[in-house]
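Structural overview
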Amino acid sequence: MSARGTTHVAVVGAGWSGLAAAVALLDAGLRVSLIDAAPQVGGRARRVTLALGDRSYALDNGQHLLVGAYREYIALAQRVGVPRAKRMIMLAEVVETAIIAI
Ligand SMILES: Cc1cc2nc3c(=O)[nH]c(=O)nc-3n(C[C@H](O)[C@H](O)[C@H](O)COP(=O)(O)OP(=O)(O)OC[C@H]3O[C@@H](n4cnc5c(N)ncnc54)[C@H](O)[C@@H]3O)c2cc1C
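All figures in this text were calculated on a predicted structure; none of them were measured in a lab.

The rules behind these values
Residues numbered from 1 in each chain as written. Predicted model: local features only at pLDDT ≥ 70, side-chain atom pairs only at ≥ 80, totals over all residues. Helix = DSSP H or I, 4+ residues; strand = E, 2+ residues; numbered from the N terminus. Buried ≥ 20, exposed ≤ 12 C-beta atoms within 10 Å, placed from the backbone. Contact = placed C-beta atoms within 7 Å. Pairing = 2+ DSSP bridges. Right-handed = clockwise from strand over helix to strand, strands pointing away. Core = buried A, V, L, I, M, F, W, Y, C linked by C-beta atoms within 7 Å. Expected span 1.5 Å × (residues − 1). Arc of directions from axis to C-beta. pLDDT = per-residue confidence, 0-100.

1. Some words on the overall build of the chain
For the chain, the count of helices and strands is three helices and four strands. Ordered by position from N to C terminus, the α and β elements of the chain give β-α-β-β-β-α-α. Within the chain, buried positions represent 21% of all 102 residues. A fraction of 49% describes how many contacts in the chain between residues 6 or more apart in sequence connect residues 24 or more apart.

2. Brief notes about the pairing of strand β3 (residues 46-52)
Bridge count for β3 against strand β4 (residues 55-61) is seven bridges, and the pairing is antiparallel. Residue pairing across strands places Arg 46 opposite Asn 61, the latter belonging to β4.

3. Things to note about the environment of Ser 56
By the secondary structure assignment, Ser 56 is in strand β4. Residue contacts for Ser 56: discarding those within four places in its chain leaves Thr 49, Leu 50 and Ala 51.

4. A word on the environment of Arg 46
Tracing the backbone through its elements, the reader meets Arg 46 in strand β3. Separated by 15 residues in sequence, Arg 46 and Asn 61 place their C-alpha atoms 5.5 Å apart.

5. Structural notes on the pairing of strand β2 (residues 31-35)
As judged from the five bridges shared by strand β1 (residues 8-12) and β2, these two strands associate in the parallel manner. The residue of β2 that forms the bridge with Val 11 is Leu 34. Running through helix α1 (residues 16-27), the crossover from β1 to the neighbouring parallel element β2 is right-handed.

6. Observations regarding the nonpolar core
Formed by Val 11, Ala 14, Trp 16, Leu 19, Ala 22, Val 23, Leu 34, Leu 76, Ala 77 and Val 82, the largest nonpolar core amounts to 10 residues. If you list the elements that add at least two residues to this core, you get α1 and α2 (71-79). The element best represented in this core is α1, accounting for four residues.

7. A look at α1
Taking 1.5 Å per residue, 12 residues should reach 16 Å; α1 reaches 17 Å between its end C-alpha atoms and fits that length. Those residues of α1 not exposed but buried are Trp 16, Gly 18, Leu 19, Ala 22 and Val 23. Buried residues along α1 cover an arc of 165° about the axis, so they all sit on one side. Gly 29 lies just past α1 and shows a positive phi near 90°.

8. Looking at the confidence of the model for the chain
Residues with a pLDDT of 70 or more make up 72% of the chain, whose mean pLDDT is 80. Averaged over each element, pLDDT in the chain is lowest for helix α3 (residues 91-101) (63) and highest for β1 (96).

Below, the structure written as structure tokens:
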């Protein structure tokens, strides 16, 4: 184990759990590499684009319904700067914002 600030942690899985772990590790002053086998981040909760004719729509896939009892989720959304009005319905947006924060 090296000194705080020089410890480099690999987090495997860039879904909601991995993102939360990565943000917590960064907050603790560690260096983080976030690794995922998939071509995109977000795991089961991510934004997908649906093309219909000449129009496309951004849809949330997975975890679109959140309740106030999800205190850890709300704290993380706050931590990465998701506007209050969007916290309860747009997890994919939280994932994108967390990635930018990392
Ligand atoms: C259609 C749908 C609707 C849902 N609706 C809700 C809802 O309304 N409310 C709610 O609370 N929850 C809902 N869920 C559940 C919620 O989306 C999941 O519980 C949550 O996203 C899980 O996050 P996670 O990070 O634990 O796991 P995951 O999102 O599964 O992330 C795991 C990540 O690890 C990666 N990975 C796995 N193995 C490896 C490996 N060996 N090497 C590298 N990478 C690896 C995967 O590619 C993935 O990106 C829904 C899920 C679906 C699919």
